[in-house]
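Descriptive structure summary
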Amino acid sequence: MSDARSSAARSANRDRAIAYSVFAVDVAAYASTLWIAVTSESLAAGGVASLANGLAIAFLFIVGHDCCHGSFLPTRVENRVVGQAAFLTSLHPFALWRIGHNLTHHRFTNLASRDYVYRPLSLEQYRALRPLARAAYRFHRSAIGPLTYYLAEIWLPKMIFAPRAVVGDRGRECARDRALVGLWGASFFAAAA
């Protein structure tokens with residue numbers, strides 16, 4: 001093997017070890033904080049563990065995001081498997097996130113007709129809204145509004161109930177990923193009950 005090839009192989013193995021270590025730490029943080037939140041008899045300890053669990057979910061989401069970009073692990077298959085597992089904690093189907101984030105948002109950032117992530121209205125469009133729609137628009141752009149905006153405008157319609165136009169020719173892959181997220185969510189809530 002040439003020096004360049006062996007150097008590339010050593011670099012890929014080192015990066016792989018670092019990536020899997022980060023993923024393992026994030027999974028351990030998620031599992032342990034979830035366990036403490038669920039089993040703790042102390043309201044304060046359970047509350048702190050719940051907040052820490054939310055942070056662990058955010059860290060796993062970052063892992064999933066980087067896997068979608070193909071930058072977390074050296075191979076496409078590893079990125080898909082780890083990314084899919086990382087996204088389960090936030091109930092995001094890997095294939096649909098990749099379509100919405102990589103193929104739509106990054107290709108058409110700030111192009112209102114294509115990038116659905118954040119579509120600001122012109123003053124004329126805003127004035128044409130009904131009062132309730134104006135209130136929702138203003139709320140979604142408040143300090144606490146992005147969560148409701150994301151749930152109502154991105155997660156439910158584009159990740160969970162994505163129409164055929166969003167899925168395109170990746171229907172089978174998206175259906176499998178949605179089923180996996182549904183199974184994870186149902187199992188999680190059944191275990192919690």
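Read on for a plain summary of the structure. (Residues numbered from 1 in each chain as written. Predicted model: local features only at pLDDT ≥ 70, side-chain atom pairs only at ≥ 80, totals over all residues. Heavy atoms only, no water.)

**Focus on the packing of aromatic side chains**
Enumeration according to the criterion identifies 6 aromatic pairs in this entry. Through a chain of ring-to-ring contacts, the aromatic side chains of Phe 61, Phe 87, Phe 94 and Trp 97 assemble into a single cluster. If you follow Arg 141 out to its NZ or CZ, it ends over the ring of Tyr 137, 3.8 Å from the centre. In this structure, Arg 141 packs its charged tip against the face of Tyr 149, placed 5.6 Å from the ring centre. (Phe/Tyr/Trp six-rings, centres within 6.5 Å; stacked < 30°, edge-to-face > 60°. Lys NZ or Arg CZ within 6 Å of the ring centre and 35° of its normal.)

**Describing helix 4 (residues 94-105)**
Within helix 4, 11 of the 12 residues are buried, leaving the element largely enclosed by the surrounding structure. Buried within helix 4 are the following residues: Phe 94, Ala 95, Leu 96, Trp 97, Arg 98, Ile 99, Gly 100, His 101, Asn 102, Thr 104 and His 105. (Buried < 20%, exposed > 50% of the residue type's maximum accessible area, 1.4 Å probe, protein only. Helix = DSSP H or I, 4+ residues; strand = E, 2+ residues; numbered from the N terminus.)

**Things to note about unusual backbone geometry**
Phi is positive for Leu 91, which is not a glycine, with a value near 55°. Secondary-structure assignment places Leu 91 in the loop between helix 3 (76-88) and helix 4.

**Description of the environment of Phe 87**
Its location among the elements puts Phe 87 in helix 3. Overall, Phe 87 belongs to the buried group, its relative accessible area being 0%. Residues Phe 87 and Trp 97, 10 residues apart in the sequence, show an inter-C-alpha distance of 9.1 Å. For Phe 87, the contacting residues outside a window of four places in its chain are Phe 61, Gly 64, His 65, Cys 68, His 92, Phe 94 and Trp 97. (Contact = heavy atoms within 4.5 Å.)

**Let's talk about the environment of Arg 170**
Along the polypeptide, Arg 170 turns up in the loop between helix 8 (164-167) and helix 9 (171-192). Residues Arg 170 and Leu 96, 74 residues apart in the sequence, show an inter-C-alpha distance of 9.0 Å. Sequence-distant contacts of Arg 170, that is, excluding residues within four places in its chain, are made with Arg 98, Ile 99 and Leu 103.

**A few points about the pattern of salt bridges**
For the structure shown, the criterion picks out 5 salt bridges. The partner of Arg 80 in a salt bridge is Glu 173, with the nearest N and O atoms 2.9 Å apart. On the criterion of sequence distance, the pair formed by Arg 80 in helix 3 and Glu 173 in helix 9 is long-range, its members being 93 residues apart. Each member of the pair, Arg 80 as well as Glu 173, carries the same accessibility label: buried. Put simply, Asp 177 and Arg 80 hold a salt bridge, and the shortest N to O gap is 3.2 Å. Here Asp 177, found in helix 9, pairs with Arg 80, found in helix 3; they are 97 residues apart in sequence, far enough to count as distant. An identical accessibility class is assigned to Asp 177 and Arg 80; each is buried. Taken together, the shared-partner salt bridges in this structure form one network comprising Arg 80, Arg 98, Glu 173, Arg 176 and Asp 177. (Salt bridge = Lys/Arg side-chain N within 4 Å of Asp/Glu carboxyl O.)

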